[in-house]
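Descriptive structure summary
So you can see what is in the structure, the chains are spelled out below.
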Amino acid sequence: MAPAKPVDVQAFANTQLALLDAELQSELQENSGLISNTSPTALQRAGLAITNLVVSAQRTGLGGKTVLELGPDSATSTTGELPEHGIRTGDIVLVSELPAGSAKKREIKELEKKGARGVVTKTKRETVAIAIDEDKEDVSFSGRLWIVKLADDVTYRRMNQTMKELEKQTESDYSMFTRVLFGLSSPSSIPSDLTTEQECASIEWIDPTLNDSQKDAIRFSLASKEIALIHGPPGTGKTHTLIELILQMVKRNLRILVCGPSNISVDNIVERLSPHKLPILRLGHPARLLPSVLNHSLDILTSTSEAGLIVKDVRAEMDAKQASIKKTRTGRERKAIYADLKGLRKEYRIRERQCVSDLIRGSKVVLATLHGAGGFQLKNEAFDVIIIDEASQALEAQCWVPLLAAKKAICAGDHLQLPPTVKSSNSKTKAPVKDGDKIIRGMNLETTLFDRLLSLHGSSIKRMLTTQYRMHENIMRFPSDELYDGKLIAADGVKGRLLNDLPGVQDAEDTNEPVIFIDTQGGDFPEKSEEEDTGRKSSVKSLLGDSKSNENEAALAKQHVQKLVDAGVKPEDIAVVTPYNAQVALLAPLKEQFPGIELGSVDGFQGREKEAIIVTLVRSNSEGEVGFLGEKRRLNGELAQTGTASVARPEAFISRVYEVPVAMTRPKRSLTVIGDSDTVQNLLFWGHLVAALGCFPSPSYSHRFCLRQVADHVGSRGSKFLKNWMEWLEENADLRYPDLASLGT
């Protein structure tokens, strides 16, 4: 593939600003009026809310914030567990009294005003904890409550600010780093054999168990002058490699800023670094951090350090002065106290700022989310290297928040997995721009920095990790051959392990096979839509994305789980995943029957792994419709969409259905796929037909957009990928044809 052309920096910044504005407007529009125009039940089914909650506990959290713990109302819950939902730690939510079914819009808005915004600090099966915003900490709730997810524009403001700064730069302002990242200069050359290069050859490895590909990636990252990409396919120890790289850089007296697109991606690195006793600092809202990393957070360190104790003393003096105002008798006394308070506040701000600055400067490794790196704490701070984990799941504008002043960057990720989630109905540049602005037509938000740099400079800037430590060799084989040029190697400890190797598990036909394909071949296993099943109105249908379910497939999944449990597999080692929330709801009784089992819509299982995973594909119909397939990386990427996207978002509709075979990279010992091969194979017809005819029966905008996507992806790459996957399953999986009579349905 020919290398891409250099990119005009100002045109890039202008285009990103237009795309980001369209994306923000789409998100705000999605949330605007959502509460008053859609029933709480519909929002819950869409994964955006949890209803029928009561306050189970209230406490004071970090920073003095009020934390509410909400659990299911015993009057509406028989299990004591929350329903399946899409609320995650770090989400911004509204807590409000649950409106009655007959409530009018005005009454609902009044309840919304009385509610409180907050940040989700923890989600468990039985409760969800929320740190309430400071301006509503005195709010009190009684009766039945609900929470609903809200849009957050802070990230967009940071990205916009960064792009505007980049837009203002002239060519004379560009550093060598910036020039390389836009293709205006080539990366500095490094020796082809780093094992003989003096500095890299003499590395004393902190972890001697690293494999050759991990060592090569670390040598390459240390030797690179401007940019290095570490390509880490599923299970290849990418985070393990980054930890060794960070430790090696610290030994070289380098100062490092480590970032990721999500709090969990950053916290995972903090947890792994903690045992090495480095001076590390984690920036971020304490409500969004894992409990295990709080001791490294700025909030905790500023209150426990020596400088922090002085700040605390000043605050105590301020509180005492404030309290003494009530005891004054004259205006002169009050005026004197207010003058003292003014001086104390000034001293408090100066000391707090100095305390924060000292902590940051004293830390060799600072960690933050990508947009968190744009906070005031890091203003004017300089770092030798920026490391971005999960770079292939971040918007490029997000990455530029820490990169704008960088000298060198290491980006780690897997560009063959899912790109960042984009909500705007057309992520390509169509947003209005100012007259005279340069624009790059065809650029979209799903193209990540990782993608663009590979296209710009080729594989010379990349090193791939090739030994995977998660999957049985047979489970690994198809994604390796199809996506990673057959380069993945299963480590000796995992390549032959099966369920029957687990303690207490019997040797049976369901435990001694790594890959099982239960092919329903349509007929007796038809799908149902939400609207068909419940008679819901179209407004709800658009929220739920016309979610599908398949009762007989759910029965097959239950039957297979029962066989595994009967053979001795623990329910907590099993997960059942599906692309549709309606199917998750249908599978919900499994949680009561097999406590500990995990059910997942396609975002609820992101980054997770289990000993055994059962995938129910749901779609089975005589027309052979499966929904339209996006890029093949969606078949391999981590489970990321909820399957609840509106049909007004055609790109999400396209990618939704068969992105779930990504589960092929999540199980350790057993992968079971339940689906209709006839429906899957018929997708080939649809893909080639669309590519050949260039039209849809419907002239609507959504369908025209789908057309472009299908012609680009399904008609070329996607259909070949699905065809290969079906052929591989038929040849390599333990192929089974279910008997409907055995299900008792």
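Structural data are supplied above this passage.
So, here is what we can say about the structure in this document. (Residues numbered from 1 in each chain as written. Predicted model: local features only at pLDDT ≥ 70, side-chain atom pairs only at ≥ 80, totals over all residues. Heavy atoms only, no water.)

1. Considerations on the overall build of the protein
To be explicit about the condition: Under the scheme used here, helices are H or I runs from DSSP no shorter than 4 residues and strands are E runs no shorter than 2 residues, and both carry numbers assigned from the N terminus. For the exposure calls, accessible area comes from a 1.4 Å probe over protein chains only, and a residue counts as buried if that area is under 20% of its type's maximum, exposed if over 50%, partly exposed in between. Contacts were defined at the residue level, with two residues in contact if any of their heavy atoms lie within 4.5 Å. Per-residue and other accessible areas were derived by the Shrake-Rupley procedure at a 1.4 Å probe size, with only the shown protein chains allowed to occlude residues.
Broken down by element type, the protein carries 25 helices and 23 strands. In the protein, which comprises 745 residues, the proportion classed as buried is 56%. In the protein, the share of contacts with a sequence separation of at least 24, taken over all contacts with a separation of at least 6, comes to 76%. Summed over its atoms, the accessible surface of the protein is roughly 32400 Å², and 48% of this surface lies on carbon and sulfur atoms.

2. Looking at unusual backbone geometry
Negative phi values dominate among residues other than glycine, just as trans dominates among peptide bonds. One non-glycine residue, Glu390, lies in positive phi territory at about 50°. The residue Glu390 is located in the loop between strand 11 (385-388) and helix 14 (396-403) in this model. Judged by relative accessible area, which is 19%, Glu390 ranks as buried. The phi torsion at Asp485 lies on the positive side, around 55°, for a residue other than glycine. With respect to the element layout, Asp485 can be found in the loop between helix 16 (473-483) and strand 15 (489-490).

3. Points about the pattern of salt bridges
Note the following rule: Only one rule defines a salt bridge in this text: a Lys or Arg side-chain nitrogen within 4 Å of an Asp or Glu carboxyl oxygen.
Under the counting rule described, the total for this entry stands at 24 salt bridges. Note that Lys438 and Asp8 form a salt bridge whose closest N and O atoms lie 3.3 Å from each other. Taken together, the residues span a long stretch of sequence, with Lys438 in the loop between strand 12 (409-413) and helix 15 (449-457) and Asp8 in the segment before helix 1 (9-31) at a distance of 430 residues. Taking the shortest distance from any N to any O, the salt bridge between Lys495 and Asp492 comes out at 3.5 Å. The network of salt bridges with common partners includes Arg470, Glu609, Glu611, Lys668 and Arg669.

4. Concerning the nonpolar core
Formally: Note on terminology: a nonpolar core comprises buried Ala, Val, Leu, Ile, Met, Phe, Trp, Tyr and Cys residues joined through side-chain atoms within 4.5 Å.
Of all hydrophobic cores here, the largest spans 55 residues; its most connected members are Leu181, Ile227, Trp400 and Leu403. For this core, the leading source of residues is helix 1, giving seven residues. Apart from the residues within four sequence positions on either side, Trp400 is in contact with Phe12, Thr162, Met163, Leu181, Phe182 and Leu449. Judged by nonpolar contacts, the second largest core, of 37 residues, contains Ala223, Leu247, Leu278 and Val365.

5. Thoughts on the sheet that holds strand 20 (residues 598-600)
Short version of the rule: Two strands are counted as paired when DSSP detects at least two bridges linking them. Axis definition: a line fitted to C-alpha atoms, limited for helices to the stretch in contact. Angles are taken between N-to-C directions and run from 0 to 180 degrees.
Pairing is parallel across the open sheet formed by six strands, whose spatial order is 20-19-21-22-16-23. Unpaired on one side and paired on the other, strand 20 and strand 23 (734-736) mark the two borders of the sheet. Recorded for the sheet is a direction-independent mean angle of 15° between the axes of neighbouring strands. Alignment of strand 16 (residues 515-519) against strand 23, held across three bridges, turns out to be parallel. Bridge pairing in strand 23 links Ile516 to Asp734. The strands touched by helix 16 are strand 16 and strand 22 (667-675); relative to strand 22, the strand with the most contacts, the crossing angle is about 65°. The strands touched by helix 19 (residues 551-566) within the sheet are strand 16, strand 19 (574-577), strand 21 (610-616), strand 22 and strand 23, with strand 21 carrying the most contacts at an inclination of about 160°.

6. Looking at the sheet that holds strand 11
On the basis of which strands lie adjacent, the open sheet formed by seven strands has the order 9-10-8-11-12-7-13 and parallel pairing. Strands at the two margins of the open sheet, each flanked by one partner only, are strand 9 (280-282) and strand 13 (462-464). Sheet twist, expressed as the average angle between the axes of neighbouring strands with direction ignored, equals 15°. Alignment of strand 11 against strand 12, held across three bridges, turns out to be parallel. Pairing of Ile386 across the sheet is with Ala409, part of strand 12. The strands touched by helix 15 are strand 7 (227-231), strand 12 and strand 13; relative to strand 7, the strand with the most contacts, the crossing angle is about 110°.

7. Remarks on the environment of Tyr580
Within the element layout of this structure, Tyr580 appears in the loop between strand 19 and helix 20 (581-587). Tyr580 sits in the buried class, given a relative accessible area of 0%. Placed 37 residues apart in sequence, Tyr580 and Leu617 show a C-alpha to C-alpha distance of 8.6 Å.

8. What to know about the side chain of Gln583
Defined as follows: Identification of polar contacts relies on pairs of N or O atoms within 3.5 Å, with a donor-acceptor requirement for protein atoms, meaning one able to donate a hydrogen and the other able to accept it, and with residues adjacent in sequence counted only if both atoms are side-chain atoms.
By the secondary structure assignment, Gln583 is in helix 20. From its side chain, Gln583 meets the backbone nitrogen of Asn550 in a polar contact 2.7 Å long. Excluding anything up to four places from it in sequence, Gln583 contacts Lys548, Ser549, Asn550, Glu553, Ala554, Thr578, Thr616 and Val618.

9. Considerations on helix 10 (residues 263-273)
Where helix 10 is concerned, the buried positions are Asn263, Ser265, Val266, Asp267, Ile269, Val270 and Leu273. The inward-facing, buried residues of helix 10 abut helix 9 (238-251), strand 8 (256-260), strand 9 and strand 10 (365-369).

10. What to know about the pairing of strand 5 (residues 128-132)
Most of strand 5 sits inside the fold, with five of its five residues counted as buried. Because side chains alternate across strand 5, one face comprises the buried residues Val128, Ile130 and Ile132, and the other comprises Ala129 and Ala131, equally buried. Sheet analysis places strand 2 (residues 66-72) next to strand 5, joined by four bridges and oriented antiparallel. Note on strand 5: the bridge partner recorded for Leu70 is Val128. Bridge analysis of strand 4 (residues 116-123) against strand 5 gives five bridges, and the strand direction is antiparallel. Bridge pairing in strand 5 links Val120 to Ile130. What sits between the antiparallel neighbours strand 4 and strand 5 is a turn of four residues.

11. A closer look at the packing of helix 5 (residues 154-168) against helix 14
Quick reminder of the rule: By definition in this entry, angles of less than 35 degrees are roughly parallel, angles greater than 145 are roughly antiparallel, angles of 65 to 115 are roughly perpendicular, and the rest are oblique. By definition, any crossing whose near helix is turned counterclockwise from its far helix by less than a right angle is left-handed, and any crossing with a clockwise turn is right-handed. When residues are sorted by character, Ala, Val, Leu, Ile, Met, Phe, Trp, Tyr, Cys and Pro go into the nonpolar class, Asp, Glu, Lys and Arg into the charged class, and all the rest, Gly among them, into the polar class.
At a closest axis distance of 9 Å, the pairing of helix 5 and helix 14 adopts a crossing angle of 65°. Between helix 5 and helix 14, the angle is such that the two are roughly perpendicular. Classified by chirality, the crossing of helix 14 by helix 5 is left-handed. Contacts between helix 5 and helix 14 involve Thr155, Arg158, Met159, Thr162 and Met163 from the first element and Ala397, Gln398, Trp400 and Val401 from the second. A per-class count over the contact of helix 5 with helix 14 returns five nonpolar, three polar and one charged.

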